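Working through the structure, step by step
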Amino acid sequence: DGRERGIEKKAMRPKKYPLEPLRRLKKERAEAKTRELGTAIVARETVQRRREDAEGEQKAARARAEAVRGEERAALAKGDLFARDLARGGAWEQRVSAEDQERARGIEKARSAEDEAKRVEARAQGDVAIARAEVEVTARHEQRWTSAERKARESREEEALAEAVPAKGVPASHGARKRVR
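Residues numbered from 1 in each chain as written. Predicted model: local features only at pLDDT ≥ 70, side-chain atom pairs only at ≥ 80, totals over all residues. Heavy atoms only, no water.

1. What about the overall build of the protein?
Put simply, the rule reads: The secondary structure listing takes helices from DSSP runs of H or I that are at least 4 residues long and strands from runs of E that are at least 2 residues long, numbered from the N terminus. Here's how the labels work: a residue is buried when its accessible area is under 20% of the maximum for its type, exposed when over 50%, partly exposed in between, all with a 1.4 Å probe on protein chains only. Contacts are assigned to residue pairs that have any heavy atoms within 4.5 Å of one another. What sets the accessible areas is the Shrake-Rupley method with a 1.4 Å probe; for residues, cover comes only from the shown protein chains.
Within the protein, the regular secondary structure consists of 2 helices and 0 strands. Residue burial in the protein is summarised as follows: out of 181 residues, 19% are buried. In the protein, once contacts between residues fewer than 6 apart in sequence are set aside, the share between residues at least 24 apart is 73%. If you sum the accessible surface of the protein, you get close to 13,800 Å²; carbon and sulfur atoms cover 53% of it.

Right under this line is the structure:
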């Protein structure tokens, strides 16, 4: 029995990592930053689609207006138009121009919103990178700490065993002990 030799049989539980709360906090922060990045990506994609839709609408409206202009030129060339048709055509051109300018302002606003969304997304990507790096640093520290703690525990166990086992040729009563390292 180990007690007869002077070895106490204590349960040597490994120590808990002292920075466990910090490790958890860093991990939770990285997860939160990743969710924020996802939200920023969705927001950017939404404003990008709005801009693309507005540009598509402007392109289609311009194509429709050009088609009407072509029909009007063809009718004018045939002599099918009257003076009142020409007057209405001028008013129509002014309205189409005003609508086109309004769509252009909408597109510019959409571009500005998209640029801002891209900036927010880029900041979120940077925040995620920093948070993940912090998690990795904490994990590496925990691995080094755990390894050092394991080595220290093994060393203590070896010393305790060496102190409990007498050296060869020397009776246990003389107190001589062999150290193993």
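We are not done yet, so read on.
2. Structural notes on the pattern of salt bridges
The criterion, for reference: Here, a salt bridge means any side-chain nitrogen of Lys or Arg that lies within 4 Å of a carboxyl oxygen of Asp or Glu.
Inspection of the entire model under this criterion finds 25 salt bridges. In this structure, Glu20 engages Arg23 in a salt bridge whose closest nitrogen and oxygen atoms are separated by 2.5 Å. Residue Glu20 and its partner Arg23 are located together in helix α1 (residues 20-78), separated by 3 residues, close to a single helical turn. Residue Glu102 is joined to Arg105 by a salt bridge in which the shortest nitrogen-to-oxygen separation is 2.6 Å. Residue Glu102 and its partner Arg105 are located together in helix α2 (residues 83-164), separated by 3 residues, close to a single helical turn. Accessibility expressed as a relative area gives 44% for Arg105, which makes it partly exposed. Each member of the salt-bridge network shares a partner with another, and the members are Arg51, Glu52, Glu55, Glu108, Arg111, Glu114 and Lys118.

3. Describing the packing of aromatic side chains
The test is simple: Geometry of aromatic contacts follows a simple scheme: Phe, Tyr and Trp rings, the Trp one being its six-membered ring, pair when their centres are within 6.5 Å, and the pair is stacked under 30 degrees between planes, edge-to-face over 60, tilted otherwise.
Inspection of every chain in the model, using the stated rule, returns 1 aromatic pair. Measuring from ring centre to ring centre gives 5.6 Å for Tyr17 and Trp145, while their planes differ by 65°; the resulting arrangement is edge-to-face. Here the residue Tyr17 occupies a position in the segment before α1, and Trp145 occupies one in helix α2, the gap between them amounting to 128 residues. Exposure remark for Tyr17: the relative accessible area of 7% places this residue in the buried category.

4. Describing the packing of α1 against α2
Applicable threshold: Note on geometry: axes are lines fitted to C-alpha atoms, helical ones only across the stretch in contact, with angles between N-to-C directions running from 0 to 180 degrees. Our angle categories are set so that under 35 degrees counts as roughly parallel, over 145 as roughly antiparallel, 65 to 115 as roughly perpendicular, and the remainder as oblique. Two helices that cross are described as forming a left-handed crossing if the nearer one is turned anticlockwise from the farther one by less than a right angle, and a right-handed crossing if clockwise.
Packing of α1 against α2 brings their axes to within 7 Å, and their N-to-C directions diverge by 165°. Considered as vectors, α1 and α2 are oriented roughly antiparallel to each other. With respect to the hand of their crossing, α1 and α2 are arranged in left-handed fashion.

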